[in-house]
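# Chain and residue survey
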Amino acid sequence: MKGSGAKLFVKALMEEGVETVFGYPGGYAVDLFDELYRQDSIQIVLPRHEQGLIHAADGYARSTGKVGVCLVTSGPGATNLVTGIATANYDSVPLVCFTGQVPLGLIGNDAFQEVDIIGITRNICKYGITVRDRNDLGRIIKEAFYIAKSGKPGPVIIDLPKNIQTELGFLDYPDEVNIRGYKPNINVHIGQLKKAWKTLKNAKRPLILAGGGITRGKAYDSLQKLIDKSNIPVVTTIMGRGAIPTDHPLYIGNTGMHGTYASNKAVSECDVLFSIGTRFNDRITGDLNEFAPKAAIIHIDIDTASISRNVKVDIPIVADANIAIEKLLDWVEPFETQKWLEKIKAWDEENPLGMKKGKGMNPEIIINKINEIFEHYTVVSDVGQNQMWTSQFLKMNKERKFLMSGGLGTMGFGFPAALGVQIAHPEEYVISISGDGGIQMNIQELATAVVEELPVIICVFNNNYLGMVRQMQYYFYGKRYAATCLRRRSSCPSNCKGPNSACPPYTPDFIKLAESYEVLGIRVTSEEEIEPAFRRALMNRKKPTLIEFMIDNEELVLPMVKGGNPMSEMILPTGKR
Amino acid sequence: MEKRWIALYVENEVGVLAKIAGLFSGKSYNLESLTVGTTEDKTISRMTIGVKSDDITFEQIKKQLNRFVEVIKVIDLTDVPMHRKEILFVKVKNCTTHDKTELFQIANVFNVHVSDYGKDSVLLECMLPDRRNDELIQLLNLHFKTIEVVRGGSVAIESISTSCI
Ligand SMILES: Cc1ncc(C[n+]2csc(CCOP(=O)(O)OP(=O)(O)O)c2C)c(N)n1
Ligand SMILES: [Mg+2]
């Protein structure tokens, strides 16, 4: 049987088990949309901007482990995906993005809406290819799904010229993949693992550092077993937060730029650092010369290139996190960590995590209310102070999940990604937490949330500022708040050093804006209003609710280590270093 | 920082060269030379890549290359006996008769070919290891006023008798 490329495209999606396509049409994708219209098993979600679209597909993929599918037109449709592709690539999220393209014969002519999207995205995706022969279409789609989800997952781009979409050809979809240059290795080298165990076994002050690889590698249960069996304390990266329940007695906290005092101390003082699924980026290590100076470092990662790149590792192990930990469990015995744990506890008591009290409602209080009111949720934060506070105070475990853009730190990611999560999990409580800056980067997706009837609870932490950057200006740039005040108007004094009674009102009025989208909008200005607002949102399960929290403009994320400084040089809440 | 060599088998497809070259620019690796051509199998190309780097960066480069779906095999030629040659054309212009005689002598000593000749210019065609080409260019620069240099980049293949490195 023969049929168009578009027909094979739809058949391929069905065979891959795709249920949702995040799509935005245009002249060079309309054939594909037409074919999708003629069937019922795959639904099309139409976000209001391609950037929102790909972040939604990303949230869908992160929360399900399935491949997120994007379908956009050529030219501007394709270039609007770029930030989302880089975001997914950085956090190892499996996506397959189909971009329309001008007919093969027009490529190179600077035709209307022609861009070389494969060239543009070459170093921000796992793989990208233009289909140049209708006969290759089935194989290419099959390979794309395989590449996206195997090994270290990532985004794959398939550029589909218009004539390939319409050309008749066979409709066979291959069962198997064989790519000679791509054979991802997941199995663990037992010799290396034995070596690691020999080193770990003799540790007096062992420490586990868990990164995003635990979540991506579905190693949650095995890690928990390892910890319970060994009594080794754990710190996490921001991406690894939630890899073990945040209330587990052996969990210390996040490490890195905004890590807790006890966590960063523990990294500095441990004698063996057993790290799993982290690339040791600069936000984790600070000054490389002073990172874990007393420790032998063991590093398990699925990506060879992540090992011994930033930090020199003593025992490298290339493996899938879950497989490696499971193997290790055969040997592990309980450690004598009592003394070490007491030391860590003393550090924590010396400088516990927590925001200044007495100023009324602050982010810690708001997030604690979420912890209290909900028994399960997926919280998706945006980027900035709101993200760090959420990461610091949100309770996490298997039922209390947290997603965000860790590697690229993409403002505007949180809200659309939350929509993708809610589409995949209609019954889940999906809570989006954004700053007043970031929410405006994809605010148009309020329409998507309404038309898709998604009861996402959208929390906007309004501090009137691009708070994370303002914090840097506060500490390191003499309070010169250049381009971080979102209330600022051209009539304001040029040398403003902070808010006062003469400040102009905030624009937009988020509540009116929400209402214009038929979204329930609630403004919360005091602690007593927090719980009723969430209760109202819980009653509103057919539509989104936007809750704007008016928080103190000058709130800070602490502790903090200045970029490039050693992790031992923390700015602490009391002001002491 | 040392000069090192890699041989790379890649899919002979559109965009692969750009992807490999892009890795070097994007990650600020020091690319010294890159050549590419098809192999006995038309669907596979082999690249010869010369880089200047320290040990850690060189390990990273190999790992990053290995990550590419289109890369079939990465061969580190650093400690491998190999034959390595680079094509070099040098046109020496504005020569006197004396210059020309000297050029023939130089060609003799360096074991290169005079492949074209005119009233006042001489074309040398060289196939030498890149370092030897460097030396020849240096020498010609010293003795002649106007020279035009076209270099092809190195190609390398592993040795059969392991003796020659
Ligand atoms: C797309 C993008 N642009 C710029 C930045 C740099 N940046 C990081 S945090 C931040 C401030 C975010 O402000 P807001 O959304 O209000 O959150 P807050 O920090 O105030 O909680 C900025 C500008 C970024 N991460 N992403
Ligand atoms: Mg803000």
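Residues numbered from 1 in each chain as written. Chains lettered and ligands numbered in written order. Predicted model: local features only at pLDDT ≥ 70, side-chain atom pairs only at ≥ 80, totals over all residues. Heavy atoms only, no water.

Convention followed: UniProt positions are given in the numbering used here, feature names are shortened, and annotations may be inferred rather than shown by experiment.
Chain B goes by Acetolactate synthase small subunit in an unreviewed UniProt entry, where it is assigned to Anaerosacchariphilus polymeriproducens. Regarding chain B, the relevant UniProt record gives this comment under Catalytic activity (unreviewed entry): "2 pyruvate + H(+) = (2S)-2-acetolactate + CO2". Under Sequence similarities (unreviewed entry), UniProt gives the following word-for-word description of chain B: "Belongs to the acetolactate synthase small subunit family."

The name given to chain A in an unreviewed UniProt entry is Acetolactate synthase, with Anaerosacchariphilus polymeriproducens as the source organism. Under the UniProt heading Sequence similarities (unreviewed entry), the note attached to chain A is "Belongs to the TPP enzyme family."

### Here we look at the environment of Ile44(A)
All names here are of chain A. Selection rule: Here a helix means four or more residues in a row that DSSP labels H or I, a strand means two or more in a row labelled E, and each is numbered from the N terminus. Accessibility here uses a 1.4 Å probe with only protein chains present; expressed as a share of the type maximum, an area under 20% marks a residue as buried, one over 50% as exposed, and anything in between as partly exposed.
Counting through the fold element by element, Ile 44 comes out in strand β3 (residues 43-45). Residue class for Ile 44 comes out partly exposed when judged on its relative accessible area of 32%. On a C-alpha basis, the gap between Ile 44 and Leu 394 in space is 33 Å, while along the polypeptide they are 350 residues apart.

### Considering the coordination of the magnesium ion (ligand 2)
We apply this condition: Water is not among the atoms examined, so metal sites may look incomplete; donors are the N, O and S atoms within 2.8 Å of the metal, or within 3.2 Å for Na, K and Ca.
Bound to the magnesium ion (ligand 2) on the protein side are Asp436(A) (OD), Asn463(A) (OD1) and Tyr465(A) (O), at distances that span 2.1 Å. Positions of the donor residues of the magnesium ion (ligand 2) along the chain correspond to the pattern D-x26-N-x1-Y.

### Observations regarding the UniProt feature "domain: ACT" (unreviewed entry) in chain B
UniProt's entry tags residues 5-82 of chain B with the feature "domain: ACT" (unreviewed entry), counted in the numbering of this structure. Helix makes up 31% of residues 5-82 of chain B and strand 42%, with an end-to-end C-alpha separation of 10 Å.

### Structural notes on the UniProt feature "domain: Thiamine pyrophosphate enzyme central" (unreviewed entry) in chain A
With numbering matched to this structure, UniProt assigns "domain: Thiamine pyrophosphate enzyme central" (unreviewed entry) to residues 193-328 of chain A. For residues 193-328 of chain A, the end-to-end C-alpha separation is 7 Å, with 33% helix and 20% strand making up the annotated structure.

### Some details on the sheet that holds strand β13 (residues 296-301) of chain A
Residues and elements named next belong to chain A. Using the following cut-off: A pair of strands is labelled paired if DSSP reports no fewer than 2 bridges between them. Throughout, an axis means a line fitted to C-alpha atoms (over the contacting stretch in the case of helices), and angles, computed between N-to-C directions, take values from 0 to 180 degrees. Throughout, a residue-residue contact means that at least one pair of heavy atoms, one from each residue, lies within 4.5 Å.
Taken in spatial order, the six strands make up an open sheet running β11-β10-β9-β12-β13-β14, and their pairing is parallel. The open sheet has two edge strands, β11 (251-254) and β14 (315-318), and neither has a second partner. Looking at each pair of strands side by side, their axes are set apart by 15 degrees on average, direction ignored. Contacting β9 (206-210), β10 (234-236) and β12 (272-276), helix α11 (residues 220-230) crosses the sheet at an angle of about 165 degrees to β9.

### Section: the sheet that holds β3(A)
Strand pairing in a sheet takes place through backbone hydrogen bonds and is either antiparallel or parallel in direction. All names here are of chain A. Spatial ordering of the open sheet is given by β3-β2-β4-β5-β7-β6, a layout of six strands whose pairing is parallel. Bordering the open sheet on either side are β3 and β6 (127-130), each of which pairs with just one other strand. Neighbour-to-neighbour, the strand axes of the sheet open up by a mean angle of 20 degrees, direction not taken into account. By the bridge criterion, four bridges tie β6 to strand β7 (residues 155-161) in an arrangement that is parallel. Pairing of Gly 128 across the sheet is with Ile 157, part of β7.

### Things to note about the pattern of salt bridges
For clarity, the cut-off: The term salt bridge refers to a side-chain nitrogen of Lys or Arg lying within 4 Å of a carboxyl oxygen of Asp or Glu.
Enumeration according to the criterion identifies 34 salt bridges over all chains in this entry. Residue Arg38(A) pairs with Asp34(A) through a salt bridge whose shortest N-O separation is 3.2 Å. Given the relative accessible area of 36%, Asp34(A) is considered partly exposed. A salt bridge links Arg151(B) to Asp134(B), with the shortest nitrogen-to-oxygen separation between them at 2.8 Å. Of this pair, Arg151(B) sits in strand β8 (residues 146-158) while Asp134(B) sits in helix α4 (residues 130-143), and the two are 17 residues apart along the sequence. Linked by salt bridges that have partners in common, Lys3(B), Glu32(B), Arg84(B) and Asp130(B) make up one network.

### Focus: the domain arrangement of chain B
Residue and element names in this part refer to chain B. Rules: Here the limits of each domain have been adopted from an automatic or database domain assignment. What gets called buried area is simply the loss in accessible area from a 1.4 Å probe that two parts show on being joined, summed for both. Any residue outside Ala, Val, Leu, Ile, Met, Phe, Trp, Tyr, Cys, Pro, Asp, Glu, Lys and Arg is labelled polar, Gly included; the first ten of those are nonpolar and the last four are charged.
When cut into domains, chain B gives domain 1 (2-79) and domain 2 (83-158). Spacing between the C-alpha centres of domain 1 and domain 2 amounts to 28 Å. Facing the eight residues of domain 1 at the interface are nine residues of domain 2. The largest per-residue losses of area from domain 1 upon contact with domain 2 belong to Trp 5, Thr 35 and Arg 46, which jointly make up 57% of the total buried on that side. Its salt-bridge partner being Glu 158, residue Arg 46 comes within 3.1 Å of it at the nearest N-O pair. Counting residues per element, the ones that place at least two in the side of domain 1 that touches domain 2 are β1 (2-11), β2 (30-38) and β3 (44-53). In terms of residue class, the side of domain 1 that touches domain 2 is made up of three nonpolar, three polar and two charged.

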